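# Architecture and fold: a report
Each chain, written out:
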Amino acid sequence: MTQTANTAPTDFTGFGLDARLQRAIEESGYTTPTPIQAQAIPVVLSGHDVMGSAQTGTGKTASFVLPLLQKILPLASASTSPARHPVRALVLCPTRELAVQVADNAQKYAKHTPIRTAVVFGGMDIKPQAAILRTGVELIIATPGRLLDHLEQGNISLNQVGYLVLDEADRMLDMGFLPDLQRIMNVLPKQRQTLLFSATFSPEIRKLAESYQNHPVTIETAQRNATSTNITQTVYSVADKAVKRSALVQLIQEQNVEQAMIFVNTKVEARELTRFLQRARINAQTIHGDQTQAERLATLALFKDNSVPILVATDVAARGLDIPAMPCVINFDLPYNAEDYVHRIGRTGRAGAQGRALSIVTPYDDKLLAAIAKLTKTEFTSIAIVPQAAAFTPRTERSERAAPRSDRADKPFERRYKAPDNHSHTNRRVSTEDPEVTRLRRKISLSNDPFFNKPYQPSTHVAVKTSEQAHEAPLRKAKVAALCTPKTKA
Ligand code: AMP
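On a predicted model such as this, the values are computed, not experimentally measured, just so you know.

## Describing the packing of aromatic side chains
How two aromatic rings sit relative to each other is given by the distance of their centres and the angle of their planes. Taken as a whole and assessed by the stated rule, the structure comprises five aromatic pairs. Geometrically, the ring pair formed by F12 and F15 is edge-to-face, given 5.9 Å between the ring centres and 65° between the ring planes. A relative accessible area of 2% means that F12 is categorised as buried. A residue is classified by how much of its surface remains accessible, and F15, at 8% relative accessible area, is buried. What links up through ring pairs into an aromatic cluster is the set F12, F15, Y30 and Y109. When the ring centre of F332 is taken as reference, the NZ or CZ atom of K244 above it lies at 4.7 Å.

In C-alpha cells form, the structure reads like this:
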C-alpha cells in the first residue's frame, strides 16, 4: 500500500492531537507539517505499520514521535510507582548521536505530558542509565547493543511495548546490527505497531520489513537517494592529493565558510586534518568513533552553538545529526559508498534552509564521483583550483614534504600567520585547544547527567560574525583571495 499526499492535513490542528502535544508543537515554532509529517502522522494514528523513506532533515522524527506520544498518552500515569510506567514505545537508532537527538525531540514534544522518556546508548557508564530505567520510563530511545546490556542485567522489561520504531534501519543493517535487532525483536510482544524508516529501500530492508511488519503502508516523500534541492553542490578539483589540505584552507577562506562539517574517510585523516586546520588558525575540532562518548558530545555541543565552527568528521557522524541552520558540508574525501554522499550533504539544507555542499576531488576520485552522479542523477562540473600550497601550508607539513625553508613563497605565510606577541612560533603546536573547549569537555565528562538530556538551544547567530570577531580573525578574506587562483574547467 502506498500513501499519497492528497488528503494530508495542511496544519497541525488537522491531526486531532492532544492539546498538550499541540502546545509543544507551537512552542517548537512549527506551523506547517513537513511532507513526511503530513503523510505519516495520520497513518501511524490509524494504527498501521509504516515503511517510510524521507530525505534527511525533513522532520522525520516528529512524524513518528508525535503520533506515538498521542497513542501512549491515555495510558500515561502521574503515579510515582515504577510499575505504573512500563515501557510502551521503543525507538532503536544506529548511533549514539542520533539517539540523543531523537530523545531531545521526544522530550520537547512530551514536556507538557506525564510521559517519561529516556535515552540509552553505549560508551557511557551503564549504572546511571540503569537507575533511570528502574524508575519507570514509557518511551525509550536506544542503540541496540546497550539496550541488550540493560535487558541482560534485568534493568528493563519490554513485555508491554506496543510500538517499535526502527530509525535509519538501513544504517543499522550496514553497521551489522541485524543479530542484535533480531534478539530484541524476539522479546517484544508480537502484537505491536512497527514503524521502519530508512533512506533507501534495499532488498535487505524489504526483507526486514517482511519479517517484522504487518502489511506496512509505504510512505515516500522524496525520490530515493535524491539530494535536497535546497543544497547547492560544487565540486573543486585539484591536481594532486598532496595539495588537498591547502586547497581546503583556501576554500574555507575564499568561499566565506562560517560553519561547516568536513567529511573525511579515516580517523587518522580526521585527526591530522584537524591539526592542520588548527595550525592554519582555523577553529576546528574532530568527531569520530574512537573518541569517548563524553568527548564526542562535548565537541558536538561546541559545534552546535558555533563556539567551534568547523567540525571534521568521519561517517560515524554523518547520519542523524541535526544542526539547525548548518550552512555548509565539505567532502574533503569523497565517500567510498555513494549513498554516504547523500547522507553527508543531508546535514545541511535541513528543514527548508539553504545549504552548500563543497567537494574536493583529485583525478583518482573520478570513479567515486561518477557513482555519486549516477546515484543522485546529478551532473557535476568541477572547478579547478590551484592552491598556493606553500602560502597555506603550515611549517610542519612543509618540512614533511622537504620543501626548502628558504623558499621565497614561505615569506608571505610567515608574515600573514605571524603569531600574536604573547605566542612564539615554537609554542604554536603546544596547545591548540580553546580554553572554552577544555572547560566544556571537563564539565561534560564529570557530569552526573550521562543522558545529556537538556534540550539543545540552537544558536541564533550561526552564520553571522560580529564586527569585533571579524576584526579578530587571523586572516582577512581580501588578503586570502589575493593568494588564490581559481580556474573554471570547460
Ligand atoms: P529531523 O528530520 O526530524 O531531524 O528534523 C530536522 C529539523 O526540522 C529539526 O530541527 C526539527 O526541529 C525541525 N522540524 C521538524 N518538523 C518541523 C516543522 N513542521 N516545521 C519546522 N521545523 C521542523
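So, next bit.
## So, the pattern of salt bridges
Counted by the stated rule, this structure contains 13 salt bridges. A salt bridge links K60 to D167, with the nearest nitrogen and oxygen atoms 2.7 Å apart. Taken together, the positions of K60 in helix α3 (residues 60–72) and D167 in the loop between β5 (163–166) and α7 (169–174) put the pair 107 residues apart, joining distant regions of the chain. The pair formed by K60 and D167 is uniform in burial state, with each residue classed as buried. We note a salt bridge from E269 to R245, for which the minimum N-O separation is 3.4 Å.

## Quick word on unusual backbone geometry
One non-glycine residue, E168, adopts positive backbone phi at about 50°. Residue position: E168 is located in the loop between β5 and α7. Given the relative accessible area of 7%, E168 is considered buried. Its identity is not glycine, yet K377 carries a phi of approximately 55°, on the positive side. The residue K377 is located in the loop between α14 (366–376) and β14 (382–385) in this model. For K377, a relative accessible area of 64% gives the class exposed.

## Considerations on the confidence of the model for the protein
Interpreting fine coordinate detail is not advised for predicted regions of low pLDDT. With 73% of its residues at a pLDDT of 70 or more, the protein has an overall mean of 77. This stretch, residues 394–434, has a pLDDT under 50; its non-local contacts, to residues over four places away or in other chains, come to 57 contacts. Predicted confidence is poor over residues 436–490, with pLDDT under 50, and the contacts of this stretch with residues over four places away or in other chains come to 84 contacts.

## Digging into the side chain of R344
Mapping R344 onto the fold places it in helix α13 (residues 338–345). Given a relative accessible area of 0%, R344 falls into the buried group. A polar contact of 2.8 Å, which involves the side chain of R344, links it to the side chain of N265.

## Quick notes on the packing of helix α6 (residues 144–153) against helix α8 (residues 178–187)
In the contact formed by α6 and α8, the axes pass within 9 Å of each other and the chain directions differ by 45°. Between α6 and α8, the interaxial angle falls into the category oblique. Read as a crossing pair, α6 and α8 show a hand that is left-handed. Every residue of α8 that contacts α6 at P144, G145, L147, L148, L151 and E152 is listed here: D180, L181, R183, I184 and V187.

## As for helix α11 (residues 267–279)
Its 13 residues give α11 an end-to-end C-alpha distance of 18 Å, which sits within 8% of 18 Å, the value for a rise of 1.5 Å per residue. The set of residues buried in α11 consists of E269, A270, L273, T274, F276, L277, Q278 and R279. Downstream of α11 by one or two residues, R281 has phi in the positive range, about 65°.

## Quick word on the environment of V87
When you line up the elements, V87 lands in the loop between α3 and β2 (89–92). Between the C-alpha atoms of V87 and L158, which are 71 residues apart in sequence, the distance is 6.1 Å. Residues contacting V87, with those up to four places away along its chain left out, are V137, E138, I140, I156, S157, L158, Q160 and V161.

## Things to note about the packing of α3 against helix α4 (residues 96–110)
Close contact between α3 and α4 brings their axes to 10 Å; oriented N to C, the two are set at 45°. Regarding the angle of α3 to α4, the classification is oblique. Handedness of the crossing formed by α3 with α4: right-handed. Residue-level contacts link T61, A62, F64, V65, L66 and L69 of α3 to V102, N105, A106, Y109 and A110 of α4. A class-by-class count of the residues in the contact of α3 with α4 yields nine nonpolar, two polar and no charged.

Here is what the cut-offs are and how they apply
Residues numbered from 1 in each chain as written. Predicted model: local features only at pLDDT ≥ 70, side-chain atom pairs only at ≥ 80, totals over all residues. Heavy atoms only, no water. Phe/Tyr/Trp six-rings, centres within 6.5 Å; stacked < 30°, edge-to-face > 60°. Buried < 20%, exposed > 50% of the residue type's maximum accessible area, 1.4 Å probe, protein only. Lys NZ or Arg CZ within 6 Å of the ring centre and 35° of its normal. Salt bridge = Lys/Arg side-chain N within 4 Å of Asp/Glu carboxyl O. Helix = DSSP H or I, 4+ residues; strand = E, 2+ residues; numbered from the N terminus. pLDDT = per-residue confidence, 0-100. Contact = heavy atoms within 4.5 Å. Polar contact = N/O pair within 3.5 Å; in protein donor to acceptor, adjacent residues only side chain to side chain. Axes fitted to C-alpha atoms, helices over the stretch in contact; angles between N-to-C directions. Parallel < 35°, antiparallel > 145°, perpendicular 65-115°, else oblique. Left-handed = near helix turned anticlockwise from the far one by under 90°. Expected span 1.5 Å × (residues − 1). Nonpolar A, V, L, I, M, F, W, Y, C, P; charged D, E, K, R; others polar.

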